[in-house]
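Coordinate inspection notes
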Amino acid sequence: MFAMASGNGTVETAFYNFNVQNIDGEEVSLSEYKGKVVLVVNVASKCGYTPQYEGLQNIYEAHKDDGLIILGFPANNFNGQEPGSDEEIKQFCTLEYGVDFPMFSKVSVKGEDQAELFKYLTSQSNPDFEGEIKWNFEKFLIDKNGSLQRRFRSGVKPESEELLSALEKELAK
């Protein structure tokens with residue numbers, strides 16, 4: 001794991017060192033999410049798993065006051081299932097699913113042009129699996145210290161017992 005000591009003696013992971021562009025084109029430092037439980041999801045608007053936006057929004061609404069933040073990263077890596085512009089993606093997510101968790105600019109989550117954040121996330125050890133993202137809506141559960149705790153494949157629904165129990169365990173820490 002990439003970690004460094006901060007000035008106050010705590011260990012800080014590299015997750016917080018990334019800057020990403022939000023869906024409105026503004027740069028965001030992931031350090032803004034220090035102390036929160038973060039669920040990073042690669043999303044797409046024209047996928048069989050797209051209805052998971054509803055579940056993601058539901059768990060965000062249920063747990064955002066407990067310290068949960070969901071970060072959606074649109075990606076067009078799988079069968080062209082995210083062809084839209086950032087503006088089109090934002091409109092779709094807002095109108096179709098009422099998404100109000102942070103969404104980011106479209107990125108590549110695998111291959112030669114893989115975004116640095118996803119190179120980092122897919123290389124981190126965790127009890128589930130490492131390596132390449134296989135499809136849209138894979139989920140990375142990051143603890144309050146910025147460490148990857150769990151990883152879930154696309155078929156694991158946001159409101160599943162498996163994901164919710166892992167998320168609630170991290171929120172309780």
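Above this note sits the structure.
None of these values were measured; they are calculated from a predicted model.

Before going further, it helps to examine the packing of aromatic side chains. Summed over the entire model, instances satisfying the criterion amount to eleven aromatic pairs. Between Tyr53 and Phe92, the ring centres sit 6.5 Å apart and the planes meet at 65°, which makes this aromatic pair edge-to-face. A residue pair is termed long-range when its members are at least 10 positions apart, and Tyr53 in helix H1 (residues 52-63) and Phe92 in helix H2 (residues 86-97) qualify at 39 residues. Their ring planes at 70° and their centres at 6.1 Å tell us that Phe118 and Phe140 sit as a pair that is edge-to-face. Here Phe118, found in helix H3 (residues 116-123), pairs with Phe140, found in strand S7 (residues 139-142); they are 22 residues apart in sequence, far enough to count as distant. Taken individually, Phe118 and Phe140 each receive the classification buried, so the pair is uniform in this respect. Every member of this aromatic cluster is reached through a ring pair, and the members are Tyr53, Phe92, Tyr97 and Phe137.

Moving on: the nonpolar core. In this structure, Phe15, Val40 and Phe118 are the most contacted members of the largest nonpolar core, which totals 51 residues. Tallying contributions element by element places strand S5 (residues 37-43) first for this core, with six residues. In contact with Phe15, other than residues within four places in its own chain, are Leu30, Val38, Val40, Leu117, Tyr120, Leu121, Ile142 and Gly146.

This part is about the pattern of salt bridges. This model, assessed by the stated rule, comprises eight salt bridges. A salt bridge links Lys173 to Glu170; the nearest nitrogen and oxygen atoms lie 3.1 Å apart. Its relative accessible area of 56% is what places Lys173 among the exposed residues. A relative accessible area of 5% places Glu170 in the buried class.

Within the secondary structure, Phe104 sits in the loop between H2 and H3. Phe104 gets classed as buried once you look at its relative accessible area, which sits at 1%. Taking the C-alpha atoms as reference, Phe104 lies 9.9 Å from Asn42; in sequence the two are 62 residues apart. The residues contacting Phe104, other than those within four sequence positions of it, are Val20, Gln21, Asn22, Ile23, Val28, Tyr33, Leu71, Gly72, Phe73 and Pro74.

Of all the seven residues making up S5, seven are buried; the element is thus mostly covered by neighbouring parts of the structure. Of the two faces of S5, the one carrying Val37, Leu39, Val41 and Val43 and the one carrying Val38, Val40 and Asn42 are both buried. Sheet analysis places S5 next to strand S6 (residues 68-74), joined by seven bridges and oriented parallel. Each bridged residue has a counterpart across the sheet, and for Val38 the counterpart in S6 is Ile69. Viewed along the sheet, the connection from S5 through H1 into S6 turns out right-handed. As judged from the four bridges shared by S5 and S7, these two strands associate in the antiparallel manner. Note that in S7 the partner of Val38 across the bridge is Ile142.

Basis of the calculations
Residues numbered from 1 in each chain as written. Predicted model: local features only at pLDDT ≥ 70, side-chain atom pairs only at ≥ 80, totals over all residues. Heavy atoms only, no water. Phe/Tyr/Trp six-rings, centres within 6.5 Å; stacked < 30°, edge-to-face > 60°. Helix = DSSP H or I, 4+ residues; strand = E, 2+ residues; numbered from the N terminus. Buried < 20%, exposed > 50% of the residue type's maximum accessible area, 1.4 Å probe, protein only. Core = buried A, V, L, I, M, F, W, Y, C linked by side-chain atoms within 4.5 Å. Contact = heavy atoms within 4.5 Å. Salt bridge = Lys/Arg side-chain N within 4 Å of Asp/Glu carboxyl O. Pairing = 2+ DSSP bridges. Right-handed = clockwise from strand over helix to strand, strands pointing away.

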